[in-house]
Amino acid sequence: MVLADLTAGAVQDAERRAQTRPLADVERAALARPAARDALAALAPAEQVKIIAEVKRASPSRGALADIPDPAHQAALYERGGASAVSVLTEERRFGGSLADLEAVTSRVSVPVLRKDFIATPYQVFEARAAGADLVLLIVAGLEPRVLKELYELILQLGMTPLVETHSSDELEAAIDLGADLIGINARNLKTLELDRDLFGRLAGRIPDAAIKIAESAVLTPDDVARYRQAGADVVLIGEALVTGDPVATLKSFLEAKW
C-alpha cells in the first residue's frame, strides 16, 4: 500500500533526524518560534476562490516534475501571483523535499505555510513548528483514530492549524468528528494512487458550513478550478501545474477562472 510505505518511510527519516536532534531540542526550538500566522483568516471563504500553491519537485504518481533549486524563490513567486498560502512537500524519498525547503520558504513569504508530509509522530509536529510552519497536514487514512486526535490536538496547542485530509465518506466523518476547521478532500487515493475527479463534488456537501472546504489534486487548467469552485470549494490546493510552467501567470489564470 503506497500510503503505508510513505508514512513508514517518513517516520524512519524522522527517527534518523532525532538521533542528532533529540525531541527536547526540537520542542525548545518550536516553542521559541514567533506565533504562527493565522491560516484560517488567510483561507476564509471569499467571493474569489483561494489557492494554496505547492512547492513540489516530484510525486509517486507523476515522477520528477521540476528541480526547484530555490524553493524560497518559487514560494515568493506564488505569493506575488496571489496565492493565499504555500504548501511545502518535506517528504524526502518520493517527493524530493526537506525541512530545509520548509525553513527557506517560511523565512521568505508572509502568507501561511503548510508542512505537507506524512505526519505520524509528535516529533514531526514539533519539527514543523520549529521550521516555521503555520499549518500541518494530517491524512486520516494513514493514522489510527487515537493518533489522529493526539496529533490534531498537539498542532492546535502549538498555535498551528491542522489541515485534515480525507479520501472517503468515512474519513470525512472522522474529520468532522474532530471538529476540523480545514477539511481537504483529495481526489487522489494515496493507497492506490488512483484519481477520482468527482470525489470532491460527491462529498463536499457533507462538510459543515463552518469549516473551510479544500479541494486537492486533479488541477491542471482554469476549468478544473472552476469545476471545484462550482462544487463548493473555498480553496484549491495546486502543485504540478504551478511547478511545470510560469507560476505567476498560471496562478492569475486560475484565480480568474469563471464558474
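These figures come from a predicted structure and were not determined experimentally. (Residues numbered from 1 in each chain as written. Predicted model: local features only at pLDDT ≥ 70, side-chain atom pairs only at ≥ 80, totals over all residues. Heavy atoms only, no water.)

## What about the environment of P112?
Summarising the element assignment, P112 is placed in the loop between helix 5 (99-106) and strand 5 (113-116). Classification of P112 as buried rests on a relative accessible area of 5%. Separated by 70 residues in sequence, P112 and A42 place their C-alpha atoms 7.4 Å apart. Apart from residues no more than four positions distant in its own chain, P112 is found in contact with R37, D38, A39, A42, S84, A85, V86, D134 and L135. (Helix = DSSP H or I, 4+ residues; strand = E, 2+ residues; numbered from the N terminus. Buried < 20%, exposed > 50% of the residue type's maximum accessible area, 1.4 Å probe, protein only. Contact = heavy atoms within 4.5 Å.)

## Side note on the pairing of strand 8 (residues 182-186)
Most of strand 8 sits inside the fold, with five of its five residues counted as buried. A two-sided burial pattern is seen for strand 8, the buried positions comprising L182, G184 and N186 on one face and I183 and I185 on the other. Across three bridges, strand 7 (residues 161-166) lies against strand 8 in parallel orientation. Across the sheet, the residue bridging to E165 is G184, located in strand 8. (Pairing = 2+ DSSP bridges.)

## Some points on the pairing of strand 6 (residues 135-139)
The side chains of a regular strand alternate between the sheet's two faces. Within strand 6, five of the five residues are buried, leaving the element largely enclosed by the surrounding structure. Of the two faces of strand 6, the one carrying L135, L137 and I139 and the one carrying V136 and L138 are both buried. Inspection of the sheet shows strand 5 paired to strand 6 by two bridges, in the parallel sense. When the sheet's bridge partners are listed, L114 is paired in strand 6 with L135.

## Brief notes about the pattern of salt bridges
Within this structure, the stated rule accounts for 18 salt bridges. Members of the salt-bridge network, linked through shared partners, are D13, R16, R17, E92, R93, R115, D117 and E127. (Salt bridge = Lys/Arg side-chain N within 4 Å of Asp/Glu carboxyl O.)

## Description of the packing of helix 1 (residues 2-20) against helix 6 (residues 122-130)
With their axes 10 Å apart at the nearest point, helix 1 and helix 6 run at an angle of 70° to one another. Here helix 1 is positioned roughly perpendicular relative to helix 6, judged by the angle of their axes. Between helix 1 and helix 6 lies a crossing whose hand is left-handed. The segment helix 1 lies against helix 6, with A10, V11, A14, R17 and A18 engaging Y123, Q124 and E127. Per-class residue counts for the contact of helix 1 with helix 6 are five nonpolar, one polar and two charged. (Axes fitted to C-alpha atoms, helices over the stretch in contact; angles between N-to-C directions. Parallel < 35°, antiparallel > 145°, perpendicular 65-115°, else oblique. Left-handed = near helix turned anticlockwise from the far one by under 90°. Nonpolar A, V, L, I, M, F, W, Y, C, P; charged D, E, K, R; others polar.)

## Examining helix 10 (residues 222-230)
Along helix 10, the residues classified as buried are D224, V225, A226, Y228 and R229. Lining the buried residues of helix 10 we find helix 9 (199-203), strand 9 (212-216), strand 10 (235-238) and helix 12 (247-255). Immediately beyond the C-terminal end of helix 10, within one or two residues, lies G232, with a positive phi of roughly 110°.

## A few points about the packing of helix 2 (residues 23-32) against helix 6
It is at 8 Å that the axes of helix 2 and helix 6 come closest, and there the two elements cross at 40°. One finds that helix 2 runs oblique with respect to helix 6. Considering the relative orientation of helix 2 and helix 6, their crossing is left-handed. Note on element contacts: helix 6 touches helix 2 through Y123, F126, E127, R129 and A130, opposite L23, V26, E27, A29 and A30.

## A few points about unusual backbone geometry
Unusually for a residue other than glycine, L193 sits at a positive phi of about 70°. Note on placement: L193 falls in the loop between strand 8 and helix 9. The residue A218 is not glycine, and still its phi comes out positive at about 65°. Along the chain, A218 turns up in the loop between strand 9 and helix 10.

## Examining the side chain of N186
Position of N186 among the secondary structure elements: in strand 8. Polar side-chain contacts of N186 include one of 3.2 Å to the side chain of E165. Among the polar contacts made by the side chain of N186, one reaches the main-chain amide nitrogen of R188 at a distance of 2.9 Å. Apart from residues lying up to four places away in sequence, N186 is in contact with E165, T166, H167, L199, E216 and S217. (Polar contact = N/O pair within 3.5 Å; in protein donor to acceptor, adjacent residues only side chain to side chain.)

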